[in-house]
Amino acid sequence: MAPSGPRSIKRGCQRVFYWIPVLFIALIVAWSYYAYVLQLCIESIEDTGEKVVYLLAYHAIFIMFVWAYWQTIFTKPMNPLKEFQLSHSDKELLEREDRGESQQEILRRIAKDLPIYTRTNSGAIRFCDRCQLLKPDRCHHCSVCDKCILKMDHHCPWVNNCVGFSNYKFFMLFLAYSLLYCLFITATDLQYFIKFWTKGLPDTQAKFHILFLFFSASMFSISLASLFIYHCWLVCKNRSTLEAVRAPVFRHGTDKNGFSLGFTKNFLQVFGDEAKYWPVPVFSSLGDGCSFPTCLVNLDPEQPSSPSGSSSASKR
């Protein structure tokens, strides 16, 4: 029991360390709010109409941006349902078997009653030793969270959370609104940034906030635009970041487009089938995260389509 003390201290320090990138983003956003609202709009802009329009538009974007960021950070990643976890008797049976082939035979027997179509590169059933469960399709074990995450995309240090089935829509909206936030600041700050160089601004501390606000917003816009475009491409192809790096393996072999159902269905799978919820950071994705319809036609007809035996495609 002695080593548990140092291990718990180490885990505590790691948890604190993981929040540093989030704190950094929070400080940047807080400063940008102060610089834009107080130093630019209130102190530097003289036209009242322009000032009101800028403030109203800014706060509308700011609220959506912070809301999406909050949801991405604090939405708990979903884990596999209990149907995918080994029973006590199955665990004991698996532990008694030394040979890999015998263990695979046990896992294949269990998987026969589950909607599992993907395999490892060697064609074996995907099993997590840490969580003691059969991995659903598109599920992966996160070494940082030390859990299996449904439709895991990646672990993002900037939100200190796994991006997966439960919060991927929030992550997409976070990218979209943060990009819009930076572009709006860049566009509305541009004329005052030019005045800085042409000596058109009064010699106050506001001029330096305006200068750095333009530089930081424009630089963040470039990085956010590239990341947002990449994830839009992933949504259109119905792939996760992990699947883009390593294509999923099915019983018939590797297929990078195995889960792609066409642009419209791919988009709806992430954002839901009710358009009024698309721009709002509330959960509206389709499905349960454990089973996904595929474009493949040569699946095992005896394999169920969901843990309960009902068709996952019919739910969608």
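As the structure is a prediction and not an experimental result, all values here were calculated from the model. (Residues numbered from 1 in each chain as written. Predicted model: local features only at pLDDT ≥ 70, side-chain atom pairs only at ≥ 80, totals over all residues. Heavy atoms only, no water.)

## Some remarks on the confidence of the model for the protein chain
Reasoning step 1: On average, residues of the protein chain carry a pLDDT of 89, and 91% of them reach 70 or more.
Reasoning step 2: In this model, residues 298-302 is a region of pLDDT below 50 whose contacts with residues beyond four sequence positions or in other chains number 5 contacts.
Reasoning step 3: Scored below 50 in pLDDT, residues 308-316 makes 16 contacts in the model with residues more than four places away or belonging to other chains. (pLDDT = per-residue confidence, 0-100. Contact = heavy atoms within 4.5 Å.)

## Observations regarding unusual backbone geometry
Reasoning step 1: Positive phi, close to 75°, is recorded for Arg138, a residue that is not glycine.
Reasoning step 2: Within the secondary structure, Arg138 sits in the loop between strand S3 (133-134) and strand S4 (140-142).
Reasoning step 3: Positive phi outside glycine occurs at Asp146, with the angle close to 55°.
Reasoning step 4: Note that Asp146 resides in the loop between S4 and strand S5 (147-149). (Helix = DSSP H or I, 4+ residues; strand = E, 2+ residues; numbered from the N terminus.)

## Points about the side chain of Asn161
Reasoning step 1: Positionally, Asn161 belongs in strand S7 (residues 161-163).
Reasoning step 2: Of the residues examined, Asn161 reaches a relative accessible area of 5% and is grouped as buried.
Reasoning step 3: When residues no more than four places from it in sequence are discounted, the contact partners of Asn161 are Thr72, Ile73, Phe74, Thr75, Pro77, His154, His155, Cys156 and Asn167. (Buried < 20%, exposed > 50% of the residue type's maximum accessible area, 1.4 Å probe, protein only.)

## Overview of the pattern of salt bridges
Once the charged atoms of two side chains with opposite charge are near each other, the side chains can pair.
Reasoning step 1: Tallying each qualifying case throughout the model produces 6 salt bridges.
Reasoning step 2: Notably, a salt bridge pairs Asp146 with Arg130, separated by 2.8 Å at the nearest N-O pair. With a gap of 16 residues between them, Asp146 in the loop between S4 and S5 and Arg130 in the loop between strand S2 (127-128) and S3 connect regions that are remote in the sequence.
Reasoning step 3: A salt bridge links Glu243 to Arg138, with the nearest nitrogen and oxygen atoms 2.8 Å apart. Residue Glu243 is found in helix H8 (residues 241-245), and its partner Arg138 is found in the loop between S3 and S4; the two are separated by 105 residues along the sequence. (Salt bridge = Lys/Arg side-chain N within 4 Å of Asp/Glu carboxyl O.)

## Focus: the UniProt feature "transmembrane region" (unreviewed entry) in the protein chain
Reasoning step 1: According to UniProt, the positions carrying the feature "transmembrane region" (unreviewed entry) are residues 16-36, 52-70, 170-188 and 208-230.
Reasoning step 2: Along residues 208-230 the backbone is 100% helical and 0% strand, and the end-to-end C-alpha distance reaches 34 Å. (UniProt positions renumbered as here; feature names shortened; annotations may be inferred.)

## Quick notes on the packing of helix H6 (residues 168-197) against helix H7 (residues 206-237)
Reasoning step 1: It is at 7 Å that the axes of H6 and H7 come closest, and there the two elements cross at 150°. Along this stretch, H6 crosses H7, giving a crossing that reads as left-handed.
Reasoning step 2: Residue composition of the contact of H6 with H7, grouped by class: 28 nonpolar, 5 polar and 2 charged. (Axes fitted to C-alpha atoms, helices over the stretch in contact; angles between N-to-C directions. Left-handed = near helix turned anticlockwise from the far one by under 90°. Nonpolar A, V, L, I, M, F, W, Y, C, P; charged D, E, K, R; others polar.)

## Re helix H5 (residues 100-111)
Reasoning step 1: Counted at 1.5 Å a residue, the expected span for H5 with its 12 residues is 16 Å, and the 16 Å between its end C-alpha atoms agrees.
Reasoning step 2: Among all positions of H5, only Ser102, Gln104, Ile106, Leu107, Ile110 and Ala111 are buried.
Reasoning step 3: Contacts made by the buried residues of H5 are with helix H4 (88-96), S2 and S3. (Expected span 1.5 Å × (residues − 1).)

## Some points on the nonpolar core
Reasoning step 1: Ranked by internal contacts, the top residues of the largest apolar core, which has 43 residues, are Tyr36, Tyr58, Tyr168 and Phe174.
Reasoning step 2: Secondary-structure elements contributing two or more residues to this core are helix H2 (20-42), helix H3 (48-74), H6, H7 and helix H9 (263-271).
Reasoning step 3: Of all the elements, H6 adds the most residues to this core, at 13 residues.
Reasoning step 4: If we ignore the near neighbours within four places in the chain, the residues touching Phe174 are Phe65, Ala68, Tyr69, Thr72 and Val159.
Reasoning step 5: Leu94, Leu133, Cys148 and Phe292 belong to the second largest nonpolar core, which has 24 residues in total. (Core = buried A, V, L, I, M, F, W, Y, C linked by side-chain atoms within 4.5 Å.)

## Side note on the domain arrangement of the protein chain
Reasoning step 1: Each domain of the protein chain was delimited in the assignment, giving domain 1 (13-79 + 158-277) and domain 2 (82-135).
Reasoning step 2: Between the C-alpha centres of domain 1 and domain 2 the distance comes to 40 Å.
Reasoning step 3: Tallying the contact residues gives 6 residues for domain 1 and 5 residues for domain 2.
Reasoning step 4: Taken together, both faces of the contact between domain 1 and domain 2 bury some 470 Å²; the carbon and sulfur share is 58%.
Reasoning step 5: For domain 1, the biggest contributors to the area lost against domain 2 are Val249, Phe250 and Arg251; these three give 80% of the whole.
Reasoning step 6: In this structure, the connection of domain 1 to domain 2 is made through 0 salt bridges.
Reasoning step 7: Its residues placed into classes, the side of domain 1 that touches domain 2 shows 4 nonpolar, no polar and 2 charged. (Domains from an automatic or database assignment. Buried area = accessible area lost by both parts, 1.4 Å probe.)

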